[in-house]
Amino acid sequence: MSPANERAVEPLRAWMPIARKVLTPLASVALAVLIGSLIVKLSGGDPVAASMALFSGAFGTPNQVGETLLRSTPLLIVGLGLAWGFRTGLFNIGAEGQLFVGGLVGAWLGLLLGGLTPWVSLPLLLLAGMAGGAAWAFVPAVLKAKVGAHEVITTMMFTYIARYLVSWLVVGPLKAPGPIPQTRQLPQSAILPLLRDVSAALPFGRAHLGIVIGVALAVVVWLLLKYTTLGYEARAVGFNPAAAENGGISIAATTVKSLCISGALAGLAGCIEVLGIHHRLFDQFSSGFGFTGIAVALLAKNHPLAVVPAAILFGALSAGATTMQLEANVSTKLISIIQGLVIFFVAAEAVVDWVIRARQKKAVSADAAR
Amino acid sequence: MPLGDVLNPDLFASAVRIATPLALAAIGGTISERSGVTNIALEGIMLTGAFAGTAVALATGNTWIGVGAAIVFGILVSLIHAFASITLKADQIVSATALNIGALGVTGYLMEVMYGHPGTTDPVTTLPPLFNFQGPATGVAGTVFQWVDGVFLSYTPIVYIAIVLAIVLNWAMYRTKWGLRLRALGEHPRAADTVGISVVRGRYLAVLASGALAGLAGANLTLEQVGTFTENMTNGRGFIALAANIFGRWTPGGSYLAALLFGFADALQIKLQVFRDVIQIPPQFYYMVPYVLTVIVLAGFMGRAIAPAAIGKPYEKEKSS
Amino acid sequence: MPVLELRGITKIFPGVVANDAVDLSLDRGEILALLGENGAGKSTLMNVVYGLLAPDGGEISVEGKPVRIRSPRAAIDLGIGMVHQHFMLIEPLTVTENIVLGREPSRRGVIDFGAARAAVRELAERYGLHVDPDVRVADLSVGMQQRVEILKALYQGAHILILDEPTAVLTPQEVRELFAVVRTLTAEGLAVVFITHKLEEVMSVADRIVVMRAGKVVGETRPAQTDEAGLARMMVGRDVVLRIEKKPATPGDVVLSVEGLKVSDDRDLETVRGLSLQVRAGEVVGVAGVDGNGQRELVESLVGLRRPSAGTIRLRDRDITRDSVRDTIDAGVSHVPEDRHRRGLVLEFDLAENIILGDHDASPYSSFGVMHPPAIAATARRRIEDYDVRAPSERVLAGNLSGGNQQKLVLARELGRDPDLLIAAQPTRGLDVGAIEFVHRRILDERDAGKAVLLVSLELEEVLSMSDRILVIYEGRIVKELAAGEATAETVGYHMTGGGGTKLSGPAAPAPEDGGLKL
């Protein structure tokens, strides 16, 4: 073996991954926004006015900051779940369905538990929402673990099933009196307090306690991933299932656990959405948070702490979109184009990663090649 | 419940009609996956094809040009997927998800920009059935005619195109140079490379072909079945098509038959809805049928079908091993 | 004029010069052995010739004409064929489909299978490489698959044939058959490059020998002008201990006892068919056999990765037949897997995370599901030191280590656990001499410390030199047990093909005197 081989690592490269982790997602967003502007321009709009409207719509007033936080909340929580799944090598594309079930369970139990004090009923409802989301992920998880049915297809199918389930419940058994397909308003004990009611220093309109729960969860998920055997096993299976299995880790059990954790967080996001803003269930209560969450998690490179800024970014885009439509006459649909672009660039950015990793691997395996 | 109201030629005819977009996309998925590239983007490609077909048909007033446009745009979107997954070696599922979300956004956005109202486009003239036979209306001869005409002769052109493609491609996959090389690419790309077959070219062609087929599937939805484009009208069909491809064991013929099974279940569910006052089941549960069936099919058959060995893996040419 | 001439070929991988200004020439009708240990640059050089790797410098001439070989297609067009160490065969396809792939006889795109089959038959006839053209490659033995590979190269019109480590997966008898085939080919005017690291093969088959070391050609000779020791010195660059020093074994109680074991593979075919064996404390039991005779499934069932359909596995007096990997580890079984990249290590994990894999949910590394980083780091540092893993810290990713250091890392985990039974599958695959010596030494140390060791290897020389008892596996059963003293490559090889030997042909080479050199 040549001396060149003996040099096991290149310490100078150690900082590179960290810089890349921060810079390339930013570049992805910048590029996506640039293309978004181009689309606006080409369809006869004014990209500058649109951006200004977007920005002021997201951050212009405390109320608008509140809207941004409001929309970031479900993205943050569902994004954490997706990140956990990705870390285990699972693509929970159907988080939207688990989110629906979480909202459904929250609303249903909330209506039942009207008599309790919020101190008891809120934690109970949030846990129930998580359980609902986890349960909805459980069947796809078991199918993945036992027969290898791809979770991308099964969780997606379960999303459609969940939507029809909710749409039946709000016109059927849970329907409130009146023409609108929705449930009754939740009792006060089942409603998450607004930030401005918690403290006068937080005058953020409709934003509620959910964002605080979300940020706290980001820290919790990060600690779980890094410092518990649960997280260790999830990462091991995500990186190399065969080696994990050889180390006594059950791939099937880890798959089920991870997809259920992912589902639990999605369910919590849906539950918080119902308890925090809508205070009732109706069939359009989520505007695709489960799908936007994919962009959030990928942009954060599946790092739980990075999910927070990524969620706020997409929350701001979503909150500002309405103002953009009103003031600059640009369709809110532009935002979902930008989401797609961000995911695409993050995926394509894996190229940068891949090139560098491949080079490192090559250096290592070159001795095997000779 | 009168059996004739359910078990009639129309049941089978609607099964074939419903199966057609699924089958076209599923065959597209088969070709792409046989070359080693997963194509979760079928959903977005189909949606793009459906929209482009409608928009161009509206603009030109010619539905067939719309069909052509659907195919061209299907190819264009799949070109992005091919570039990301073959050239850039990006994660194929992630890049395809980006396309699905992007396609939803772009079609929704353009619809508002072009037609000024969200939700749906203006209506378009649909393609008429290919044949129009007249036959006896009554008696045994009438019944026979109704069945033959209904089940075999009542369809629009793309329905027949799908059947022909399923048969021809199934033959081609096992009998032609193209088919042999395609199968080689998805099983062992390096082996194909070492005998001088270009992995990149073969995979690009396969992915583009799947785009053309999924685009055609979209054209069938708007230009033959519905007559307008509505937002997110594919409704998970791309994913169901992937399941059909798996159930059909990665063969064009199998994909078609699997799609036909889904089509039949869906057609039956629609027929049975007529009786929902008799058997008290809310319509939402009928709507769930294709999705539940997809899960059941995957659960039952996934373990038994053997996927192409190199599926989903980017090919690294200069890999030293 | 040489049919193939290389001048100054240089190939650089990041951080490593794999080929350093290599010159080589090949004549018509000759068998050139390209000798060197793992990592010397032989395969890289031939991959350059075959157009799979682009050289960073140098020139290639074929038949005296300078050429640039940018792709395998170009190489094939120049009459260069290559049989890769890992076969380039598509298992679900038939023999004919594999052979004609890329040059299918066809009319307007439709393959003429009749013509294809006839062409395959004719070639097989001409070179004596008989094989059923309609059978699926997946259903062929390894030796037959190699024939298909050679036929494929001949079908493509090769007159220069590169064989990359062709004997690695063959029995001694199959090796002799291969040599006979190669001689037939050269008699027909082909030129053959024979890549190997096995000295006795070189001595018996080569016309000329070129030795490579660390990316350079370090010598050229002929079998008549040298001997194995001389070749070994040239190859490694120092005197090599041809046989590993070891004390006589002092076997104790039975540690592992397997009775009537039946195991199926991923395709649900029963590959272990009623196998029984025992391993005692303080002995190395070697399992020799041709690849695909149930070794993988045997090992996987012993360590809990695969559930046997019948039979029992006992560890001392405990029945571990149905135990999970988790329980098997806890019972005191360690496993050095055959593929360290696939099963042995999580390359994206750092060294510390890899070292605790399998013990991660036990004290002192974690309690109640919470990991203890200081304890993990302390153990990792100690093991890295003990097992001589060359790395600046335990935080380095395993993927950044060289192959030898990765295998030391696997040993650091598996042996550091202090097991009762060590199961080592192909523990030295792809390693250089230094690392091989290290691994062998450590395994023998375990034996001397009273551990039971089961060594499963396709390298016959490794089994012969390491084992105190040798078991020959054939079609999922142990067909022969030999004491270390009575086993030679010939006797073991005879039983590796089921002891039948009826279908064997070709000239019988004299059995190597001392079992040769393990490298």
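Residues numbered from 1 in each chain as written. Chains lettered and ligands numbered in written order. Predicted model: local features only at pLDDT ≥ 70, side-chain atom pairs only at ≥ 80, totals over all residues.

Undergrad: Would you mind going over the overall build of chain A in detail, with residue names and values included?
TA: On a plain count of helices and strands, chain A comes out with 15 helices and 0 strands. For chain A, the residues scored as buried account for 61% of the 370 residues in total. Sequence separation of 24 or more characterises 78% of the internal contacts of chain A that already satisfy a separation of 6 or more. (Helix = DSSP H or I, 4+ residues; strand = E, 2+ residues; numbered from the N terminus. Buried ≥ 20, exposed ≤ 12 C-beta atoms within 10 Å, placed from the backbone. Contact = placed C-beta atoms within 7 Å.)

Undergrad: Could you give an account of unusual backbone geometry, with specific residues and numbers?
TA: Here the residue pair serine 363 of chain C and proline 364 of chain C is connected by a cis peptide bond, since its omega of 0 degrees sits within 30 degrees of zero. By the secondary structure assignment, proline 364 of chain C is in the loop between α12 (351-355) and β19 (366-367). We note that asparagine 232 of chain B has phi near 50 degrees; this positive angle belongs to a residue other than glycine. Note that asparagine 232 of chain B resides in the loop between α9 (199-226) and α10 (237-247). Even without being a glycine, arginine 249 of chain B presents a positive backbone phi close to 55 degrees.

Undergrad: Tell me about the pairing of strand β14 (residues 270-280) of chain C, and name the residues and values.
TA: Residues and elements named next belong to chain C. Across 8 bridges, strand β13 (residues 254-264) lies against β14 in antiparallel orientation. By the bridge assignment, valine 258 is partnered in β14 with leucine 277. The loop that links β13 with its antiparallel partner β14 comprises 5 residues; one of these, aspartate 268, has a positive phi angle of about 70 degrees. (Pairing = 2+ DSSP bridges.)

Undergrad: Go over the packing of α10 of chain B against helix α13 (residues 289-301) of chain B with me, naming the residues and quoting the values.
TA: Between two packed helices, what matters for the description is the angle formed by their axes and the separation of those axes. Residue and element names in this part refer to chain B. Interhelical geometry of α10 versus α13 gives an angle of 30 degrees and a closest axis separation of 10 Å. When the axis of α10 is compared with that of α13, the two are roughly parallel. Seen from above, α10 lies across α13 with left-handed handedness. Between α10 and α13, the contacting residues are Ile240, Ala243, Ile246 and Phe247 on the first element and Pro290, Thr294, Val297, Leu298 and Phe301 on the second. (Axes fitted to C-alpha atoms, helices over the stretch in contact; angles between N-to-C directions. Parallel < 35°, antiparallel > 145°, perpendicular 65-115°, else oblique. Left-handed = near helix turned anticlockwise from the far one by under 90°.)

Undergrad: Describe the environment of threonine 138 of chain B, with residues and values.
TA: Along the chain, threonine 138 of chain B falls in the loop between α4 (92-115) and α5 (139-153). A count of 9 C-beta atoms within 10 Å places threonine 138 of chain B in the exposed class.

Undergrad: Can you tell me about the interface of chain A and chain B, naming the residues and giving the values?
TA: If you look at the interface, chain A gives 43 residues, while chain B gives 40 residues. Of all the secondary-structure elements, those providing two or more residues to the side of chain A that touches chain B are α6 (118-147), α7 (151-171), α13 (289-299) and α15 (333-369) of chain A. In terms of residue count, α15 of chain A provides more of the side of chain A that touches chain B than any other element does, 20 residues in total. By residue class, the composition of the side of chain A that touches chain B is 31 nonpolar, 10 polar and 2 charged. (Nonpolar A, V, L, I, M, F, W, Y, C, P; charged D, E, K, R; others polar.)

Undergrad: Tell me about the sheet that holds strand β3 (residues 31-35) of chain C, and name the residues and values.
TA: All names here are of chain C. A sheet is described by the order of its strands in space; here 6 strands give the open sequence β6-β9-β10-β3-β11-β12, paired in mixed fashion. The open sheet has two edge strands with one neighbour each: β6 (80-83) and β12 (216-221). Each adjacent strand pair in this sheet contributes to an overall mean axis angle of 20 degrees, direction not counted. The pairing of strand β9 (residues 160-164) with strand β10 (residues 191-196) spans 5 bridges and is parallel. Pairing of isoleucine 160 across the sheet is with alanine 191, part of β10. The sheet strands contacting helix α5 (residues 142-155) are β6 and β9, and the helix crosses β6 at an angle near 170 degrees.

Undergrad: I'd love a proper account of the nonpolar core, names of residues and values included.
TA: Within the largest apolar cluster, 381 residues are counted, with the highest numbers of intra-cluster contacts made by Val307 and Ile343 of chain A together with Phe194 of chain C. Per element, the largest residue contribution to this core is 14 residues, and it comes from α7 of chain A. (Core = buried A, V, L, I, M, F, W, Y, C linked by C-beta atoms within 7 Å.)

Undergrad: Pulling in residues and values, what's your account of the confidence of the model for chain B?
TA: Chain-level statistics for chain B give a pLDDT mean of 90 and a share of 96% at 70 or above. Both confidence scores are given for the complex: pTM 0.88, ipTM 0.88. (pLDDT = per-residue confidence, 0-100.)

Undergrad: How would you summarise the sheet that holds strand β18 (residues 333-336) of chain C if you had to cite specific residues and measurements?
TA: Pairing between the strands of a sheet is mediated by backbone hydrogen bonds and can be parallel or antiparallel. All names here are of chain C. Spatially, the 6 strands line up as an open sheet ordered β18-β21-β22-β15-β23-β24, and their pairing is mixed. The sheet is open, and its two borders are formed by β18 and β24 (477-483), each paired with just one other strand. Each strand axis lies, on average, 20 degrees off the axis of its neighbour in the sheet, ignoring direction. As paired elements, β18 and strand β21 (residues 421-425) share 4 bridges and run parallel to each other. In the strand pairing of β21, valine 336 is matched with alanine 424. Its contacts with the sheet put helix α9 (residues 295-302) on β15 (284-288), β21, β22 (452-457) and β23 (469-474), and the angle it makes with β21 is roughly 150 degrees.

Undergrad: Outline the packing of helix α11 (residues 252-273) of chain B against α13 of chain B, listing residues and values.
TA: All names here are of chain B. Contact geometry for α11 and α13: axes closest at 9 Å, N-to-C directions at 145 degrees. Between α11 and α13 the crossing geometry is right-handed. Residue-level inspection shows Phe262, Ala265, Asp266 and Gln269 of α11 in contact with α13, the latter providing Val289, Pro290 and Leu293. Looking at the contact of α11 with α13, its residues break down into 5 nonpolar, 1 polar and 1 charged.

Undergrad: So what about the pairing of β15 of chain C? Which residues, and what values?
TA: Residues and elements named next belong to chain C. Within β15, 5 of the 5 residues are buried, which leaves the element mostly enclosed by the surrounding structure. What you see with β15 is no split at all: Val284, Gly286 and Ala288 on one side and Val285 and Val287 on the other are buried throughout. Pairing analysis gives 5 bridges linking β15 to β22, with the strands arranged parallel. Bridge pairing links valine 284 to valine 453 in β22.

Undergrad: Explain helix α1 (residues 42-49) of chain C residue by residue, including any values.
TA: The periodicity of an α-helix, 3.6 residues per turn, causes residues three or four positions apart to be oriented the same way. All names here are of chain C. Burial within α1 is extensive, with 8 of its 8 residues counted as buried. Within α1, the full set of buried residues consists of Lys42, Ser43, Thr44, Leu45, Met46, Asn47, Val48 and Val49. Once α1 finishes, glycine 51 follows within two positions and takes phi at roughly 80 degrees, a positive value.

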